[in-house]
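Letter by letter, the chains look like this.
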Amino acid sequence: MPLEEYVAKRKFADTPEPAPGKKDAGAGGNYFCVQRHDATRLHYDFRLEIDGVLKSWAVPKGPSLDPGVKHLAAHVEDHPVEYGGFEGNIPAGNYGAGSVMLWDRGTFDLLGDVPAEDQIKRGDLKFRLHGEKLNGEFALVLMKGRGKGNEWLIIKKRDEFAALGWDIESYAHSALSGRTQEEIARNLPVKKSKRKTAGAADRVWASSRPAARGAAKSAKTAAASSSTPAPKKKIRKSIQAA
Ligand code: MN
């Protein structure tokens, strides 16, 4: 049942998006990603791997590291785990047509003792992200009695990763390829300067403006001075770029 809606909306002969396959046993079960999707309207698709699928929310303004910011997150259909590594272009005429950037990825820890499915049912899901751009504790909270019942808010909790005035537009490049949305849309090659390492160094690198992106040295220095090293990512190998 979970992926039927995803499959029904797509023609896999026409779109490069992955069809659901076998569950990737190497994925570790706690992958998260955010895809920046320039469709009819630019939005961010926030996805958490739960019970073998990617539970998904469409966030028009994107997530934020500013705890004072509560952005709308529309709960949408589950996506296959395979989709979590996708970056590329969905051809015109297909569902979700436009360019998709793998904006952030990593792992998450569920917070509390209540299983994820139950947290979703109660409309209050709490987790800690270990991404390249997003880190620390977040909550997704259902706005009960509103609209179609799929309207949630994504909220950053106050912790050492919280950042007042954080501006998502300063981070508008791919965690996978280093490319901008425009470069993905034009099928330009992967940026050579994109570093392959994960964790704190990438997080610092991601905070640089594109012009400074090649400054691996300064990123390394900044990462070395960081008191909170990001955890190792186990899932990276299993995630395929499109
Ligand atoms: Mn989307």
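Residues numbered from 1 in each chain as written. Predicted model: local features only at pLDDT ≥ 70, side-chain atom pairs only at ≥ 80, totals over all residues.

## Here's the deal with the overall build of the protein
Helices and strands together make up the secondary structure of the protein, namely five helices and nine strands. Within the protein, the proportion of its 242 residues that are buried is 36%. Here the contacts in the protein between residues at least 6 apart in sequence split such that 59% fall between residues at least 24 apart. (Helix = DSSP H or I, 4+ residues; strand = E, 2+ residues; numbered from the N terminus. Buried ≥ 20, exposed ≤ 12 C-beta atoms within 10 Å, placed from the backbone. Contact = placed C-beta atoms within 7 Å.)

## Some points on the pairing of strand 8 (residues 135-142)
With seven bridges connecting them, strand 7 (residues 124-131) and strand 8 associate as antiparallel partners. When the bridges of strand 8 are listed, His130 appears paired with Asn135. Between strand 7 and strand 8, which pair antiparallel in sequence order, lie three residues. Sheet topology places strand 8 next to strand 9 (residues 151-156); five bridges connect them, and they run antiparallel. (Pairing = 2+ DSSP bridges.)

## Concerning the nonpolar core
In this structure, Phe46, Trp57, Ala73, Leu102 and Ile154 are the most contacted members of the largest nonpolar core, which totals 36 residues. The set of elements that each furnish at least two residues to this core consists of strand 1 (31-38), strand 2 (42-50), strand 3 (53-59), strand 6 (98-110), strand 7, strand 8 and strand 9. Here this core gets five residues from one element, more than from any other, and that element is strand 6. Those residues in contact with Ile154, other than ones at most four positions away along the chain, are Phe46, Trp57, Val59, Pro63, His71, Ala73, Phe138 and Leu140. (Core = buried A, V, L, I, M, F, W, Y, C linked by C-beta atoms within 7 Å.)

## Digging into the environment of Thr15
One can find Thr15 in the loop between helix 1 (4-8) and strand 1. Considering only alpha carbons, one finds Thr15 and Ile90, 75 residues apart in sequence, at a separation of 5.7 Å. Residue contacts for Thr15: discarding those within four places in its chain leaves Arg10, Ile90, Pro91 and Asn94.

## Some details on the confidence of the model for the protein
On average, residues of the protein score 82 in pLDDT, and 76% of them are at 70 or above. Every residue in residues 195-242 scores below 50 in pLDDT, and together they form 61 contacts with partners more than four places removed in sequence or on other chains. (pLDDT = per-residue confidence, 0-100.)

## Looking at the environment of Asp104
Counting through the fold element by element, Asp104 comes out in strand 6. In this structure the C-alpha to C-alpha distance between Asp104 and Arg36, which are 68 residues apart in sequence, comes to 8.7 Å. Excluding residues within four positions of it along the chain, Asp104 makes contact with Cys33, Val34, Gly131, Glu132, Lys133, Leu134 and Ala175.

## Considering unusual backbone geometry
Positive phi, normally seen in glycine, also occurs at Asp51, with a value near 55°. Position of Asp51 among the secondary structure elements: in the loop between strand 2 and strand 3. The exposure class of Asp51 is partly exposed, given the 13 C-beta atoms found within 10 Å. In the Ramachandran plot, Asn187 falls in the positive-phi region, its phi being about 55° despite a non-glycine side chain. With respect to the helices and strands, Asn187 occurs in the loop between helix 3 (181-185) and helix 4 (200-206).

## A few points about the pairing of strand 7
Examined bridge by bridge, strand 6 and strand 7 share five bridges and lie antiparallel to one another. For Thr107, the partnering residue across the bridge sits in strand 7 and is His130.

## Examining the environment of Leu72
Tracing the backbone through its elements, the reader meets Leu72 in strand 4 (residues 70-80). With 17 C-beta atoms packed within 10 Å, Leu72 lands in the partly exposed category. As for Leu72 and Trp152, which are separated by 80 residues in sequence, their C-alpha atoms are 5.9 Å apart.

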